[in-house]
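Residues per chain, in single letters:
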Amino acid sequence: MTYAITQTCCSDATCVAVCPVNCIHPTPEERAFGSTEMLHIDPVSCIDCGACADACPVDAIFPVDRLSPSQREYADINAAYYQDAEPAPVDDSPNFHAWGSPSFPRVLPSDLAPLKIAVVGTGPAGMYAVQDLLLHTNAEVTLIDRLPVAGGLVRYGVAPDHPATKKAGESFARFHTHHRVRMHLGLDVGEDVTPQELAEHHDAVVYAVGAAADRRLSVPGEDLTGSISARTFVAWYNAHPDVPHDAIDLSAERVVVVGNGNVALDVARILLADPDALARTDIADHALKALRAGSVREVVLLGRRGPEDAAYTTSELLALKHVPGLQLLVDDHDPRIGAAIDAAGPHDKAAVLKGLPLGSFDAQRAPAPGRRIVLRFHSTPAEVLGTERVDAVRTDGVSGEREIAAGMVLRAIGYRGGPLAGLPFDESSGTVPHERGRVTGMQGTYVVGWIKRGPSGGIGANRTCAAETVSTLLADAVAGALPEPPHAPKAFHRLARRRNRRVLDAKGLAAIERAEAARGREAGRPRVKLATVDELVATARRGRLLR
């Protein structure tokens, strides 16, 4: 029996580090790392030890004979990765492979004083940086987030019906109460304190603020009521405090989603999901209520490219095929679409579409009964039509213009970083200019995650990204290149409290976690999220007083 990696793989390569026989690839040392949709276990080399499954932070690894019906394809996907690979050289080693030479890229002087580091952002990028600092140095960390609760993308960006992916947050949570960490939740760098004040109290500052804006279509009608970003929709169903409960109107029967990446699949799936199934997740209460009362029956996904170049991962589309009661239709308006599917090899992305219905749909009439996603490739939005709100979307393609009647349009064409006070910013890429994580022209200031490299890569991609930034920071420390802060971190803690009396610490966060878990137990759900800043702060304070 061997193990297989499945849909929720985060590619952070924790499994690679614990495998005793080097049977998981690509590894971080290999050129292909970061370019594949997931990691793969070689069924020939696997010795069934289970070390990878124990280490996986998102429960993505299972014995092949225990794969559920919807996961069985992953046994073949893992094996196919090695099908045409050159066999590894065999020597006298009992492990049947050659280990690389030992490498010690970081050598810190024994007399290096504990660094005082501020990390702004508690999402995966920031927490991988914190993990690296705490496990490999004696640094003391000031952890800051604009919101009064930690988690970032894990809490507010992962779809509620992907609970395994959310488990990555559990591995980060152990550092929230670390004795060398001081948390300031609800503190806005730029509003409550300035970046300069932060730098004046720490040896270095690491910004892990993500990409909080979204790309625009730049077509007429984009700002009509009912035309919103997928980022806003995702935040809404995940109970993000920045998005009001009534921000989304689900009275339309058909929704057009522009884009066909994983976020586009997520929002389409949630729009058409069975509310009773979502009621067993941590979806926001207001979103669940709206979905129960909503009228959406059909979602049309517009993809600029063909099925062979779709932006979604194979695993996400495979999962969509297994949603009970959900119909999928591939719109064949362009002859290239069917040809690409027919010509697809067994390992090509378009091959996943084989067997799905291929045909046309009436874009002007109300959707047929049932729940359906229409995949419309080679189709570009040219205009959002309507007077006061969205009525339709006009598209361009090789088959000419077409109007698709719809009451809502979701832009799912990518996130974008925004400028940070006091830091340089590249408008074209939406990132902070840097050199291996060191902000250009600013000693002691660093970036990690999407604000560093752009909005690409999932949760696990932040691990290697953070390792690079932390390595640069430590090299600067050893070289004596970090500026000497005039004030100590304790003075910053007092400053933060004076500027914002509602700032929460790790104990306040723990009180929120207890309250949400208790609400979840009462409702038969993993948790019921608090959805406003006032609720979060009040619960944190009340929870601390009760203990």
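Look a little higher up for the structure.
It should be emphasised that the depicted structure is a prediction, and the values quoted were computed from it without experimental measurement.

Here the structure, examined in full by the defined rule, presents 37 salt bridges. Salt-bridge contacts for Lys 529 lead to Asp 282; the nearest nitrogen and oxygen are separated by 4.0 Å. One end of the pair, Lys 529, is in the loop between helix H18 (506–523) and helix H19 (533–546); the other, Asp 282, is in the loop between helix H11 (275–278) and helix H12 (285–293), and 247 residues separate them in sequence. Here Lys 529 and Asp 282 have matching classes, each one buried.

Turning our eyes to something else, we now look at the environment of Asp 426. On the secondary structure map, Asp 426 appears in the loop between strand S20 (415–416) and strand S21 (434–435). If we skip the residues at most four places from it in the chain, Asp 426 touches Thr 431 and Pro 433. A polar atom in the side chain of Asp 426 sits 3.4 Å from the side chain of Ser 429.

Right, let's talk about the packing of helix H10 (residues 262–272) against helix H13 (residues 314–321) for a bit. For any two helices packed against each other, the geometry is given by the interaxial angle and the distance between the axes. At their nearest, the axes of H10 and H13 sit 10 Å apart, and the two run at 15 degrees to each other. Taken together, the axes of H10 and H13 are roughly parallel relative to one another. As for the relative orientation of H10 and H13, their crossing is left-handed in sense. Of the residues in H13, those touching H10 at Asn 262, Leu 265, Asp 266 and Arg 269 are Glu 316, Leu 317 and Leu 320.

One can find Ser 11 in the loop between strand S1 (3–5) and helix H1 (14–18). Classification of Ser 11 as buried rests on a relative accessible area of 16%. With residues near it in sequence (within four places) discarded, Ser 11 still touches Phe 33, Glu 37, Met 38, Leu 39 and Gly 460.

Moving on, we come to the sheet that holds strand S17 (residues 392–396). Across the sheet, which stays open at both edges, the three strands sit in the order S16-S17-S18 with antiparallel pairing between neighbours. The sheet is open, and its two edges are formed by strand S16 (380–385) and strand S18 (402–405), each paired on a single side. Across this sheet, the average inter-strand angle for adjacent strands is 30 degrees, counted without regard to direction. Both S16 and S17 contribute to a ladder of five bridges, which runs antiparallel. Note that in S17 the partner of Pro 381 across the bridge is Thr 395.

Locating Lys 349 in the fold gives a position in the loop between helix H14 (335–343) and strand S14 (358–359). A distance of 2.8 Å separates a polar atom in the side chain of Lys 349 from the backbone oxygen of Ala 310. Of note is the side chain of Lys 349, whose polar atom sits 2.7 Å from the backbone oxygen of Tyr 312. Setting aside residues up to four positions removed in sequence, Lys 349 forms contacts with Glu 37, Pro 307, Glu 308, Ala 310, Ala 311, Tyr 312 and Thr 314.

Let us look at the sheet that holds strand S12 (residues 298–302). Strand pairs in the sheet, formed through backbone hydrogen bonds, run parallel or antiparallel to each other. The strand order S10-S19-S11-S12-S15-S13-S14 describes an open sheet built from seven strands, whose pairing is parallel. On the outer flanks of this sheet lie strand S10 (227–229) and S14, each paired with one strand and no other. Of the strand pairs in this sheet, strand S11 (residues 254–258) and S12 are connected by five bridges, and their pairing is parallel. Bridging from a neighbouring strand, Val 255 pairs with Val 299 of S12. Packed onto the sheet, H10 meets S11, S12, strand S13 (326–331), strand S15 (371–376) and strand S19 (408–411) and runs at close to 170 degrees relative to S12.

All right, on to the nonpolar core then. Of all hydrophobic cores here, the largest spans 122 residues; its most connected members are Ile 24, Phe 233, Tyr 237, Val 299 and Ile 373. The residues touching Ile 373, leaving out its near neighbours within four places in the chain, are Ala 268, Leu 272, Val 299, Leu 301, Leu 320, Leu 326, Gln 327, Leu 328 and Leu 329. Ranked by size, the runner-up nonpolar core spans 20 residues in total, among them Val 193, Leu 420, Ile 451 and Ala 496.

Let's shift gears to helix H17 (residues 489–499). Here H17 has its buried residues at Pro 489, Ala 491, Phe 492, His 493, Leu 495 and Ala 496. Those residues of H17 that are buried lie in contact with strand S5 (116–120), strand S6 (140–145), strand S7 (181–185) and helix H8 (195–199).

Attention now goes to the packing of aromatic side chains. A complete count under the given rule lists five aromatic pairs for this structure. Look at Phe 233 and Trp 236: their rings are 5.6 Å apart centre to centre, the planes differ by 25 degrees, and that puts the pair in the stacked class. In this pair, Phe 233 and Trp 236 are both assigned in helix H9 (residues 230–237), three residues apart and thus about one turn of the helix distant. Judged on exposure class, the residue Phe 233 and its partner Trp 236 are both buried. Taken together, the ring pairs in this structure connect Phe 233, Trp 236 and Tyr 237 into an aromatic cluster. The ring of Phe 361 carries Arg 402 above its face, with NZ or CZ at 4.8 Å from the centroid.

Attention now moves to the environment of Glu 170. Within the fold, Glu 170 resides in helix H7 (residues 168–173). What makes Glu 170 exposed here is its relative accessible area of 57%. Through-space distance from the C-alpha of Glu 170 to that of Pro 307 is 36 Å; in sequence the pair is 137 residues apart.

Before going further, it helps to examine the pairing of S15. The sheet contact formed by S12 and S15 spans five bridges and is parallel. Across the sheet, Val 300 pairs through a bridge with Val 374, a residue of S15. Note that S13 and S15 share five bridges and pair parallel. Bridge assignment links Leu 329 to a residue of S15, and that residue is Val 374.

The next subject is the environment of Phe 175. By secondary structure assignment, the location of Phe 175 is in the loop between H7 and S7. On the basis of relative accessibility, which here comes to 3%, the residue Phe 175 falls in the buried class. Distance in space between the C-alpha atoms of Phe 175 and Gln 131 is 7.1 Å, their sequence separation being 44 residues.

Thresholds applied
- Residues numbered from 1 in each chain as written.
- Predicted model: local features only at pLDDT ≥ 70, side-chain atom pairs only at ≥ 80, totals over all residues.
- Heavy atoms only, no water.
- Salt bridge = Lys/Arg side-chain N within 4 Å of Asp/Glu carboxyl O.
- Helix = DSSP H or I, 4+ residues; strand = E, 2+ residues; numbered from the N terminus.
- Buried < 20%, exposed > 50% of the residue type's maximum accessible area, 1.4 Å probe, protein only.
- Contact = heavy atoms within 4.5 Å.
- Polar contact = N/O pair within 3.5 Å; in protein donor to acceptor, adjacent residues only side chain to side chain.
- Axes fitted to C-alpha atoms, helices over the stretch in contact; angles between N-to-C directions.
- Parallel < 35°, antiparallel > 145°, perpendicular 65-115°, else oblique.
- Left-handed = near helix turned anticlockwise from the far one by under 90°.
- Pairing = 2+ DSSP bridges.
- Core = buried A, V, L, I, M, F, W, Y, C linked by side-chain atoms within 4.5 Å.
- Phe/Tyr/Trp six-rings, centres within 6.5 Å; stacked < 30°, edge-to-face > 60°.
- Lys NZ or Arg CZ within 6 Å of the ring centre and 35° of its normal.

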